[in-house]
Amino acid sequence: MTETPLGEDSWLALVDEASRTASNLEQRAGVVELYKQAITAVPSSTKLWLAYCEWVWSLHTDCQTADAGWPEEEQIYGQELFSIEVARNVWQQGAQATKYRLNDSHELWNRWMSIELDQLSKSKGSRSAEQQEMECEYVRRIFMDRLQVPHSTWDDTSQMFSTFLSNNYGASAYETSMVEVTALAKNAKKQYEDRETSEIKLRRATESGDKNGLKVAMKAYLKWEVKQAKLRKKHLPVSPLDLCMALYERALSSTTILGKEPAIWMDYIVFLSRTKRELANTQLPSVLSVIQRSVTHCPWSGPLWSRYILRAEAEKLPHSDIELIKHAATDNKALDRDGMESVVDVYVAWCGYLKRRTLVQGATEDDMDVAEMGLRSALESVRDWGRKHDKNYKGDPFFRIERIFIQLLTQKGSIHDAREFWKRLISAHASSYEFWQQYYLWEITVRIPNAPPTLATEVLIKAIHQESLDWPEKMSEVYVRHCINFAESEALDVAMDIVHERNKAVTKRREKEREAADAYYAQQQPVPSESAVVETPSAVKRKRETDDGGHDDSASKKSKSDQPEVDHEALREQTLKRDRENTSVLVTGFPPEVTQTKIRQYFKEYGHVNSLSLKVEGEGDEKSTSALIEFRSNEDVQSALIRDGKYFTNSDRRIRVQSASGLTLYVTNFPPEADDRYFHDLFRNCGPIFSIRWPSLKYNAHRRFCYISFRTAEGAVAATQLNGLRVKGGHKLSVVYSNPSGKKAREGALAEGREIHVTSLDTNLTEDDVREVFAKYGTVESVRMMKARSGENTGAAFVIFEKGEEAEKSLDLDKTKLKSKILNVEAATGKNFKPIATSKGASASPAPDGDSVMPTPPAAETAGDAAGNAYTRDEIVKRTITLMNVPDTVNDSRIRALVEPFGSIVKVVLRPDHQGAIIEYVDIASAGRAALALENHEIVPGRNLRTGGMKDLFKEKDEIKTNRIQVGQGKKASALFIKPSAPVRRPGAVGRGGLGQRRGFGYSAPKTADSSTPSAGAGVNGKAKEEPVRPKSNADFKAMFVSGTQE
């Protein structure tokens, strides 16, 4: 038996083969029927409809003359079957079915319109003026309707319409029609403009052959389109619902895009079902037919088959039809392709349907017998499937079908049979807290009113004595609560004794589990070597060893950076305590509205939560929240894992808890300007990314690495294959598994003790002077003098020696006099420089393996313009802006990429210690454009920039982050992690600090020269005397931008 084609391409291949071999009228008519089947399976495929219309049109034209070689009898029948009216009607149907496909509907519509125009042209002279006018009006209305529908070739359609009007109407009618259609089409053009970016992404992915990129772009497009449909916008020529449905059909019509993804089919089904409920009178495709198509494309999907049964029941299909659906699902050999879950889903849906039939009004004993027999058969079938799939299969861990069967027996009054069935389930589910809880609740429900719950008590006693119970603590709690409510004091006393003994046994068991987890953890994690140095946020602490003979007391005092000997065992312990990658779990299935507080409270009994991050996934009824939770220790992780498959607090949702080990990668040596979007694009073929964690630049502005956590272990494995890839800028990408305990020893001048920090230098000294002084103690590799914004020396320098011993000896210069100053000389640490990064031209971010703390100093102010005229400090300030509320994870290269589009840049200075950056432009106009455009710009989700001057920036403090819940009446944090955005400031009155004021935006009012003064603005002591600044109005500001002046 031939398999049913899937997708438009398979159907096209099938009908193309049939059409090529059709040699008589019957076979040609058979091809038409085959086309009808194809468009039923893929109802809005432009490819199929165009091929179908062309086939019918060819049959119409072939049967009109003997040139096609048809026998005379077939020619006569053909003229009846494929008349001009039939052919034109097929074209009209195709245009209607594909009209909302924005990308390719024009292919069919243009062909149809060419036929209509050709027919109109042929009819001239052969019809009356009234008939001709009616034909023209018919075509005009088609054009008018088409131009009110968004599509990619709207301008071409408009040009066709203009030509049509010119050839068939007078000037007055032409103008009236064009004005009318222009007004009517305004919203349609806007609708396409809103979607054009997404359409371009799809087209580029298609042209490049990037199938995964095509899927990603289509999913993002669908997500956006569903949101538009939910807005229920009125007064639009085309409903967003129609556009959304057309996009779903377009995505699912091809098996190479999303046609074989059950999740997308389910999204479409949920969208249609919800819309039908909310808008009862809206014309929508049949949900049942869509589900039928979905199981044809994805026959292995249990959830889709379950939805098929449920929908058939909701639409009141006969029992025999629903039974056929169930048989189609269970006769399908692919049903257990992804495991037994899909098999169980189908039988649960079937059993639920059978039980509900017994509850409807008018249900008979026969319905009850059919349900009981069907449930027994389902239980046996699931066992057979399970044994075939896995010899050790123990049944559905959630015993869903069994519970339905027990409810049916209870409803029937067979309490004894139901109880015996519960007892038979004990062997398979004895370790499940949920099983015992449900068994206990059932016994409580069916007990004789006012009688002591003896049987329920027996169930709890059996439960708490199960050695392998997954949640014994909670079971003991239920037992005690039950005894408090129902037992006498003596029985309660016995219960307390039993629980006490059981708790001791549970404690012992937990200790063994922890020991086993520790042993496993120790095997997985190598012990750091003695030479390994753990980096702390304040930089690396280094021990300077002394000679056997030691130094004298004065030398010891001079060596200010001497540290006590490192306790490597303590460092190892510290490393293990914050082993984020191996003390985390990934939890899925939370309700979409869940908060961090609720999750912390849920897991507080299982361990201490260090941090967690949330991500909302899915759409509609499938929408849920996932969380990556870091615990304090691996023991906490093992405790949290027992919540796998349990219900979340006050919710009908089960959560999945799995270890996050193997999900996080350490990525470095990427382009300096890389951001989250860069990595999502780079790893798009690997799998979904859950989160990207950037390091803080607060203490070292040149750090360039990040931690990327993938949604699945398979995604992380695929990403590691990109290790060593050459990326933009010639960087050799490093992608490895994050392993804090295996951190290698730091390299470079700082870690090797070859760098010293010198302060209190005479400001007249040059780098060569400093090099000459320190060269007496060894080979000096480099000297870097710190300079102020004015270009003057600040009296500080960093000196790097070739050997650590040479740097150690140079410390003898501490507290010695050089010229007029007493020197301060100390070993360089991570704390004796300001955490700033200055870049001129390309990004100045060093390679990530650089370890020197020697910063790139702020460059001296530009000496002057191209003509050699010196810039004043005020001129520099006027073309300088500052950005505030910059996260301390954003580097200078990302800032540069953000601000460069507004004009040429002299330099960018990153100041994470003030949550901001300083940008100096070449001209004032560029600074103004940037200041206005970047105000309230969202640099990362939830963080909006503010612009201002230097004083504004330096009022800001460094960023304080917290990821813990404040307990009790603690002191409020002094800074918020996410600051509220400030209102946009515009030029205005003096004192507001807008453009035109001396706040660093770079604008000043024009100065008037007084001819009576001896020199332009000469003032006291020869200093320039500035005229009062007149604030600019909005009109002045706009005029300046338009003219391009730089006042």
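Procedures and definitions
Residues numbered from 1 in each chain as written. Predicted model: local features only at pLDDT ≥ 70, side-chain atom pairs only at ≥ 80, totals over all residues. Heavy atoms only, no water. Axes fitted to C-alpha atoms, helices over the stretch in contact; angles between N-to-C directions. Helix = DSSP H or I, 4+ residues; strand = E, 2+ residues; numbered from the N terminus. Parallel < 35°, antiparallel > 145°, perpendicular 65-115°, else oblique. Left-handed = near helix turned anticlockwise from the far one by under 90°. Contact = heavy atoms within 4.5 Å. Nonpolar A, V, L, I, M, F, W, Y, C, P; charged D, E, K, R; others polar. Expected span 1.5 Å × (residues − 1). Buried < 20%, exposed > 50% of the residue type's maximum accessible area, 1.4 Å probe, protein only. Phe/Tyr/Trp six-rings, centres within 6.5 Å; stacked < 30°, edge-to-face > 60°. Lys NZ or Arg CZ within 6 Å of the ring centre and 35° of its normal. Pairing = 2+ DSSP bridges. Salt bridge = Lys/Arg side-chain N within 4 Å of Asp/Glu carboxyl O.

(A) Expanded view of the packing of helix H20 (residues 415-429) against helix H21 (residues 433-446). At their nearest, the axes of H20 and H21 sit 11 Å apart, and the two run at 165° to each other. Taken together, H20 and H21 sit at an angle that is classed as roughly antiparallel. The two elements H20 and H21 meet at a crossing, and its hand is left-handed. Facing Ile415, Ala418, Arg419, Trp422, Lys423, Leu425, Ile426 and His429 of H20, the residues of H21 in contact are Phe435, Trp436, Gln438, Tyr439, Trp442, Glu443 and Val446. For the contact of H20 with H21, a count of residues per class yields 10 nonpolar, 2 polar and 3 charged.

(B) How the structure looks around helix H7 (residues 129-147). Helix length check: H7 (19 residues) gives 27 Å between terminal C-alpha atoms against 27 Å at 1.5 Å per residue, within 8%. Within H7, the full set of buried residues consists of Gln132, Glu135, Cys136, Val139, Arg140, Ile142, Phe143, Met144, Arg146 and Leu147. Summarising the contacts, the buried residues of H7 are in contact with helix H5 (84-98), helix H6 (105-123), helix H8 (154-168), helix H9 (171-184) and helix H10 (186-208).

(C) Broad picture of the packing of aromatic side chains. Inspection of the entire model under this criterion finds 36 aromatic pairs. An angle of 70° between the planes, with centres 6.0 Å apart, marks the rings of Phe164 and Tyr169 as edge-to-face. Each ring, one from Phe405 and one from Phe421, has its centre 5.0 Å from the other, and the planes form 75°; the classification is edge-to-face. One end of the pair, Phe405, is in helix H19 (residues 400-412); the other, Phe421, is in helix H20, and 16 residues separate them in sequence. Grouping residues by exposure puts Phe405 and Phe421 together as buried. Looking at Arg654, its charged tip hangs above the ring of Phe398, at a distance of 3.7 Å from the centre.

(D) Region of the structure containing the sheet that holds strand E10 (residues 780-787). The 4 strands are arranged E10-E11-E9-E14 in an open sheet whose pairing can be described as antiparallel. At either margin of the open sheet sits one strand with a lone partner, and together these are E10 and strand E14 (824-827). In this sheet, adjacent strand axes meet at a mean angle of 20° when their direction is disregarded. For strand E9 (residues 755-759) and E14, the ladder comprises 4 bridges, and the chain directions are antiparallel. In the strand pairing of E14, Ile756 is matched with Ala827. Along the sheet face, helix H31 (residues 767-774) touches E9, E10, strand E11 (793-801) and E14 and points at about 135° away from the line of E10.

(E) Broad picture of the packing of helix H16 (residues 319-330) against helix H17 (residues 340-357). Running from amino to carboxyl end, H16 crosses H17 at an angle of 165°, the nearest separation of the two axes being 10 Å. It follows from the interaxial angle that H16 and H17 lie roughly antiparallel. Handedness of the H16/H17 crossing: left-handed. Between H16, through His319, Ile322, Glu323, Lys326, Ala329 and Thr330, and H17, the contact on the second element is made entirely by Val346, Tyr347, Trp350, Tyr353, Leu354 and Arg357. Within the contact of H16 with H17, the residues separate by chemical class into 7 nonpolar, 2 polar and 3 charged.

(F) Fine view of the pattern of salt bridges. The full count for this structure, using the stated rule, is 51 salt bridges. Across the pair Arg140 and Glu137 runs a salt bridge, and its minimum N-O distance is 3.1 Å. Highlighted residues: Arg140 and Glu137, both in helix H7, separated by 3 residues, approximately one helical turn. A relative accessible area of 11% means that Arg140 is categorised as buried. Look at Glu137 and you get partly exposed, because its relative accessible area is 31%. In this structure, the salt-bridge partner of Arg656 is Asp644, at a minimum N-O distance of 2.8 Å. One end of the pair, Arg656, is in strand E4 (residues 656-659); the other, Asp644, is in the loop between helix H28 (634-640) and E4, with 12 residues separating them in the sequence. If you follow the salt bridges from partner to partner, you end up with Glu341, Asp345, Asp396 and Arg400 in one network.

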